[in-house]
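Chain by chain, the residues run as shown.
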2 protein chains.
Amino acid sequence: MEQKMEIYEDLRQILEKAASVQAALALIEWDNETLAPKKAGEQTAKTAGALSGIYYDIMTGPSMDKALKQWKECGEDNEDARKADGTFWSIDEIASRMCCETEKERRLLSCVPREEYEEFTKMTNAGGRIWAEARKKKDFSAFAPELERIIEYKKKLASYRRKDGESLYDAMLDEFEENFPEEKLDEFFGTIREELVPFLEEIRTKGRKIDGSFLYGDYPEEKQEKLARMMAEYIGFDFERGVMAVSEHPFTTSFHNKDVRITTHYDQWLDHSLFSVIHEGGHALYELGIDDRLTRTILGQGASMAMHESQSRFMENIIGRSQAFWEPLYGKVQELFPDQLGKITLEHFIEGINQVQPGLIRINADELTYSLHIMVRYDLEKGLMNGKIRVSDLENEWADRYEAYLGLRPKTADQGVLQDIHWSQGSFGYFPSYALGSAFAAQIYEKMKESMDVDGLLKAGQIHKLTEYLREHIHRYGRMKDSLTLIRDTTGEDFSPRYYIRYLKEKYGRLYL
Amino acid sequence: MEQKMEIYEDLRQILEKAASVQAALALIEWDNETLAPKKAGEQTAKTAGALSGIYYDIMTGPSMDKALKQWKECGEDNEDARKADGTFWSIDEIASRMCCETEKERRLLSCVPREEYEEFTKMTNAGGRIWAEARKKKDFSAFAPELERIIEYKKKLASYRRKDGESLYDAMLDEFEENFPEEKLDEFFGTIREELVPFLEEIRTKGRKIDGSFLYGDYPEEKQEKLARMMAEYIGFDFERGVMAVSEHPFTTSFHNKDVRITTHYDQWLDHSLFSVIHEGGHALYELGIDDRLTRTILGQGASMAMHESQSRFMENIIGRSQAFWEPLYGKVQELFPDQLGKITLEHFIEGINQVQPGLIRINADELTYSLHIMVRYDLEKGLMNGKIRVSDLENEWADRYEAYLGLRPKTADQGVLQDIHWSQGSFGYFPSYALGSAFAAQIYEKMKESMDVDGLLKAGQIHKLTEYLREHIHRYGRMKDSLTLIRDTTGEDFSPRYYIRYLKEKYGRLYL
């Protein structure tokens, strides 16, 4: 037993070393987005590059080899070690999961020749620049040749990574979300297409008109900041274990479970800062809720991209855009903005923040249409990777899908195919997790309602009860379980998109039809 | 030649890796002091600890061994490589200096057994806490036993480090400033004692009265910040390559020569924020001026503590408290603070910012008395290390010296022996560099005046000409030269404190006598 603890400590120490380098990289990124001076970029990128190399060496190096081997040899099912530490997991369970996740990460890191990986990093750095210029000029043809190169290289990298029977795109998807290959996603998006496209059409043609125009206007930044801080605190973001700052695009980052940070962005649309804070706050609560035993190791982060997104979208949309949530709060918001919201009733406010407005821009999309934007990207990514869609046709393919799903056709490339940075950075397979996250959230919500009076608690200002539920079932586990297991253990059944569809149809049917 | 370049690149790459870890550590420290949430400390300390370990491993590891050995073998005086890159240094010169500084650092790192070093780190972490509590209670006896332990351990560590013939205190001094062992410092502080103690006495008894009271009062923080930014920009701090923030105690940090950061602190004494910005700005200009070839390597930092301090004190005191400096600026300061400074003439302002006020607190000391505060600490450190002063007598020894040098006796320990954090953290040998820096600055100033009309340039708002001179002679060299060589190459003679004494006597004689 004693020897086993020693071996566990060895393993943990190397993982903590790797996690420390990752935390430094995350801090550099946070600093870049929120504070770093304009001209620092090039040199700081070299610092980050060197740290990434160190991370690679730790994860794939001989000390790690030895630690993994030693753990395996001492037997993973030693009953002595179970629950020895008095928590709800045994050392055995933690260490086995650590080994398993570490092996996966090692495989991802080492299956690609290092020079090729560096080459790709350079390519996507240039890609980001070329994309930004093309977007400015609204000219897809200025980006297309670079995109073609990135896709070819990305396929090559995926060919090293893919397992038997996987498509190239499957290998890319797997980086962000395990257990959701093309086959499953086809089914998932198939359901969305079948159910939500006609439903949206019905709302567009027969639905009543809803006014959300009051959300645009003269909302002074310092008051928006005050509101943002109030909201972050209200949903349980702990400013003694977190920081809020401003960046171009809102994001969340975590250095460990005592230091989790969110950003927001202030503009003339109050919805932006208000709901980005609730959204990023949802991500942050996840990271803050991870068990002390896991933080600063490979298990000390959210289970997956989609599971993370489920927590942010649960807070932002399911909770944050509900009437019950705002009942104890809205009066304070009116006090803060008497000129802008004094005459807007709670009911009018709730309608406004739930207005459905099919648009061309993903990041401005409402809750109902959001996954249709994702579906466009899923279709196209898949087509690009299996060769059925050519880059030269991409602009048209994009426009056709927007027309089919959302009833709109972009007039310029910056409103269409050039709007997202992801592809220019080689991120293919990332988009689907946004939509999956919403569906996870709806399924968890359904179950949560069985065990507590969600609306009643919200009306009573008891939102922390919801967070406790999420911490109990999801957050504290970090990466101890994958997302499918989390869903199954939490809800008692396998993942199914039907809760998501039902939730959307009920909510927006009630509002519009 | 080609092979030599390859060997150089190998060496450089490992040094850049080490420098990247140092930059990450510096960023963590910056973040801790300016932004990090309250409860992050313990976990973040673990991250920093792991990164320090990685730094240790890189500096002392086999890749570094190999790179150093290879460089030595390929011959340091290969004429082919000289000036091959078209700059004012050859690859040979840079690489030789890199090897030499790296060897020193390796020796420092590896001569102490790692467990003992870690033990000492824990001891000084606790020391800082115990010191802070004792200071709050104004009770030296609550800190004395811990200080005794720290001193004993510090001596043990120094015994590993010291070279033949060095005293233990010499070994500690050497960590912060080479070439200034006890023997030289005795001479240096001897001159200061002989010259400045009676001079101060003369000013105190016969000098006229000067009023600086207008510097205290209602100076709103946002206006102080505006002034601080204006001043930073005026002296040449480049906000595209730097950041300014707020922390408890002002400091400067550098990640590379395109990202150098300063902090300040706002309170009711305008002098604090105003001159801390000029002081830290002086440090920052040094780091910003380091040659591109050296940044992100072991040579990409100031030559020494004292040389760094010479640059900050040159800007703060010699330049920043001169009338010529303020002539083109003071009107703007009055505009910013019409109620506070509208009726204070430029002459009155200059007198006020140069008021001599012997006090008990080092960090509030004026230019003239500052080095006397340092002398107290030098005497005591030396005595503690050679055993002539016992910790149990320290409070009295402190008070006696303050009385002898500054004419004042502390009534409470927080105003006396407990005022500085340094000893609680095991920093012995650090203080002298503050005084040395002032003396370096005065000698450089004397020489600078021979080659340019310093006052005329300042009056014409041409302060950048002074910075160019410093960059040319000091800044760009980073650690290519040690401080004595820099002084010799810049001024044409060896270091001597007489310029410092002369400068102070002239300036304060004119003002007071």
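Residues numbered from 1 in each chain as written. Chains lettered and ligands numbered in written order. Predicted model: local features only at pLDDT ≥ 70, side-chain atom pairs only at ≥ 80, totals over all residues. Heavy atoms only, no water.

### Section: the packing of aromatic side chains
Residues and elements named next belong to chain A. The test is simple: Pairing of aromatic side chains requires ring centres within 6.5 Å, counting the rings of Phe and Tyr and the six-membered ring of Trp. Pairs whose planes differ by under 30 degrees are stacked, by over 60 edge-to-face, and all others tilted. Helix and strand labels come from DSSP, where a helix needs a run of H or I of at least four residues and a strand needs a run of E of at least two; each type is numbered from the N terminus. We call a residue buried when its accessible area falls under 20% of the maximum for its residue type, exposed when it is over 50%, and partly exposed in between, using a 1.4 Å probe and counting protein chains only. Working rule: Lys NZ or Arg CZ, within 6 Å of ring centre, within 35 degrees of ring normal, means a charge sits over the ring.
Within this structure, the stated rule accounts for 59 aromatic pairs over all chains. Relative to Phe349, the ring of Phe214 has its centre 6.3 Å away and its plane inclined at 40 degrees; by these criteria the two rings are tilted. Here Phe214, found in the loop between helix H8 (182-206) and helix H9 (221-235), pairs with Phe349, found in helix H15 (residues 346-353); they are 135 residues apart in sequence, far enough to count as distant. With relative accessibility at 9%, the residue Phe214 sits in the buried group. On the basis of relative accessible area, Phe349 is assigned to the buried category, the value being 0%. The rings of Phe176, Tyr370, Trp398, Tyr402, Trp423, Phe428, Tyr430, Phe431 and Tyr434 are connected pair by pair, giving a single aromatic cluster. Across from the ring centre of Tyr153, 4.8 Å away, lies the NZ or CZ of Lys156, which sits over that ring.

### What to know about the sheet that holds strand E3 (residues 259-264) of chain B
All names here are of chain B. Our working rule: One bridge is not enough; two strands pair if DSSP finds at least two bridges between them. Here an axis means a line fitted to C-alpha atoms, over the contact stretch when the element is a helix, while the angle between two N-to-C directions is reported on a 0 to 180 degree scale. The contact criterion used throughout is that any non-hydrogen atoms of two residues lie within 4.5 Å.
As summarised here, the arrangement of the three strands in space is E1-E3-E2, forming an open sheet in which the pairing is mixed. A single partner strand is all that each edge strand has here, and the edge strands are strand E1 (242-246) and strand E2 (252-256). Ignoring which end each strand starts from, the neighbouring axes of this sheet average 20 degrees apart. For E2 and E3, the ladder comprises four bridges, and the chain directions are antiparallel. Note on E3: the bridge partner recorded for His256 is Asp259. Against the sheet, helix H10 (residues 270-288) contacts E1, E2 and E3, and its axis sits at roughly 165 degrees relative to E3.

### Brief notes about the sheet that holds strand E1 (residues 242-246) of chain A
Residue and element names in this part refer to chain A. Overall, mixed pairing links the three strands, which are arranged E1-E3-E2 in an open sheet. Of all strands in the sheet, those with a lone pairing partner are E1 and strand E2 (252-256), marking the two edges. Recorded for the sheet is a direction-independent mean angle of 20 degrees between the axes of neighbouring strands.

### Focus: the interface of chain B and chain A
This is how it is decided: Joining two parts hides part of their accessible area as seen by a 1.4 Å probe, and the buried area is that hidden amount summed over both. What makes a salt bridge here is a side-chain nitrogen of Lys or Arg within 4 Å of a carboxyl oxygen of Asp or Glu, nothing more. Counting of polar contacts relies on pairs of N or O atoms within 3.5 Å, with two restrictions inside protein: one atom must be capable of donating a hydrogen and the other of accepting it, and residues adjacent in sequence are counted only when both atoms are side-chain atoms.
Counting residues at the interface gives 36 residues for chain B, matched by 36 residues for chain A. For the pair chain B and chain A, the summed buried surface comes to about 2900 Å²; carbon and sulfur atoms form 62% of the total. Scanning the region where chain B abuts chain A turns up eight salt bridges. The residue Asp31(A) makes a salt bridge to Arg261(B) at a minimum N-O spacing of 2.5 Å. On the surface where chain B and chain A come into contact, there are 12 residue pairs in polar contact (both at pLDDT 80 or more).

### Let's talk about helix H7 (residues 168-176) of chain A
Residue and element names in this part refer to chain A. The buried count for H7 comes to seven of nine residues, which makes it a mostly enclosed element. Of all the positions in H7, only Leu168, Tyr169, Asp170, Ala171, Met172, Leu173 and Phe176 are classed as buried. Residues of H7 that are buried in the fold lie against helix H6 (144-161), H8, helix H11 (305-319), helix H16 (370-386) and helix H18 (432-451).

### Re the relation of the copies chain B and chain A
Here is the rule we go by: A residue counts toward the fit only if its pLDDT is at least 70 in both copies, and the copies are then superposed by least squares on the C-alpha atoms of those residues.
In the superposition of chain B on chain A (RMSD 0.0 Å, axial shift 0.0 Å), the rotation amounts to 180 degrees. The symmetry that links the two subunits is that of a two-fold axis. Closest to the rotation axis within chain B is the C-alpha of Ala24(B), separated from it by 3.0 Å. Both copies contact each other with a shared surface, as 100% of the interface residues of chain B are interface residues in chain A too.

### A look at unusual backbone geometry
Notably, Arg296(A) is not glycine yet its phi reads approximately 60 degrees, a positive angle. Mapping Arg296(A) onto the fold places it in the loop between helix H10 (270-288) and H11. For Arg296(A), a relative accessible area of 5% translates into the label buried. With a phi angle near 70 degrees, Asn179(B) is a residue other than glycine that sits in the positive phi range. The exposure class assigned to Asn179(B) is partly exposed, which follows from its relative accessible area of 30%.

### Considering the pattern of salt bridges
Opposite charge on two side chains allows them to pair when their charged atoms are near. All names here are of chain A. In the structure shown here, the tally under the stated rule is 96 salt bridges over all chains. With its nearest N and O atoms 3.0 Å apart, the salt bridge here joins Arg313 to Glu309. Pair noted here: Arg313 and Glu309 are both in helix H11, with a separation of four residues, about one helical turn. What emerges from the salt-bridge pattern is a single network uniting Arg97, Glu101, Lys104, Glu178 and Arg479.

### Digging into a negative patch on the surface
Residue and element names in this part refer to chain A. The criterion, for reference: Patch membership needs two things, relative accessible area over 30% and no salt bridge, and members are linked within 9 Å if like-charged or within 5 Å if nonpolar (Val, Leu, Ile, Met, Phe, Trp, Tyr). The method behind every accessible area is Shrake-Rupley, applied with a 1.4 Å probe, and residues are considered shielded solely by the protein chains displayed. Positive charges are assigned to Lys and Arg, negative charges to Asp and Glu, while His and the chain termini are left out of the count. All charge positions are set by atom: Lys at NZ, Arg at CZ, Asp at CG, Glu at CD.
Together, Glu2, Glu6, Glu9 and Asp10 give the surface a local cluster of negative charge. Relative to the helices and strands, Asp10 is located in helix H1 (residues 2-34). A relative accessible area of 38% means that Asp10 is categorised as partly exposed.

### Description of the packing of helix H8 (residues 182-206) of chain B against helix H17 (residues 394-406) of chain B
Two quantities define a packed helix pair, namely the angle between the axes and the distance from one axis to the other. All names here are of chain B. Basically, it comes down to this: Any angle that falls under 35 degrees is termed roughly parallel, while one over 145 is termed roughly antiparallel, one within 65 to 115 roughly perpendicular, and all others oblique. Residue classes follow a fixed rule: Ala, Val, Leu, Ile, Met, Phe, Trp, Tyr, Cys and Pro count as nonpolar, while Asp, Glu, Lys and Arg count as charged, and any other residue, Gly among them, counts as polar.
At a minimum axis separation of 8 Å, H8 and H17 run at an interaxial angle of 70 degrees. On the basis of their axis angle, the class for H8 and H17 is roughly perpendicular. Counting all contacts with H8, which are made through Arg193, Val197, Leu200 and Arg204, the residues of H17 involved are Ala404, Tyr405 and Leu406. A per-class count over the contact of H8 with H17 returns five nonpolar, no polar and two charged.

### A look at the environment of Arg479(B)
Residues and elements named next belong to chain B. Here Arg479 lies in the loop between helix H20 (463-473) and helix H21 (483-491). Residue class for Arg479 comes out buried when judged on its relative accessible area of 16%. Once the C-alpha coordinates of Arg479 and Leu406 are considered, the two residues, 73 residues apart in sequence, prove to be 36 Å apart. Apart from residues lying up to four places away in sequence, Arg479 is in contact with Arg97, Glu101, Ile298, Leu299, Gln301, Gly302 and Ala303. A polar side-chain atom of Arg479 sits 2.5 Å from a polar atom in the side chain of Glu101.

### Digging into the pairing of E1(B)
Sheet topology places E1(B) next to E3(B); five bridges connect them, and they run parallel. Of the residues in E3(B), the one forming a bridge with Met244(B) is Ile262(B).

### Focus on the environment of Thr205(B)
With respect to the element layout, Thr205(B) can be found in helix H8. Linking Thr205(B) and Leu380(B), residues 175 residues apart in sequence, is a C-alpha distance of 28 Å.

### Overview of the environment of Met307(A)
Residues and elements named next belong to chain A. Counting through the fold element by element, Met307 comes out in helix H11. For the pair formed by Met307 and Ala245, sequence separation is 62 residues and the distance between their alpha carbons is 24 Å. Those residues in contact with Met307, other than ones at most four positions away along the chain, are Glu177, Tyr286, Phe440, Ile444, Ile474, Ser483, Leu486 and Ile487.

### As for the confidence of the model for chain A
Residues and elements named next belong to chain A. Worth spelling out the cut-off: pLDDT is a residue-level measure of predictor confidence that goes from 0 to 100.
When pLDDT is averaged along chain A, the result is 95, and 97% of the positions lie at 70 or above. Note that pLDDT drops below 50 for residues 80-86; the model gives that stretch 18 contacts with residues more than four away or on any other chain. Interface confidence for the predicted complex, given as ipTM, is 0.92, next to a pTM of 0.93.

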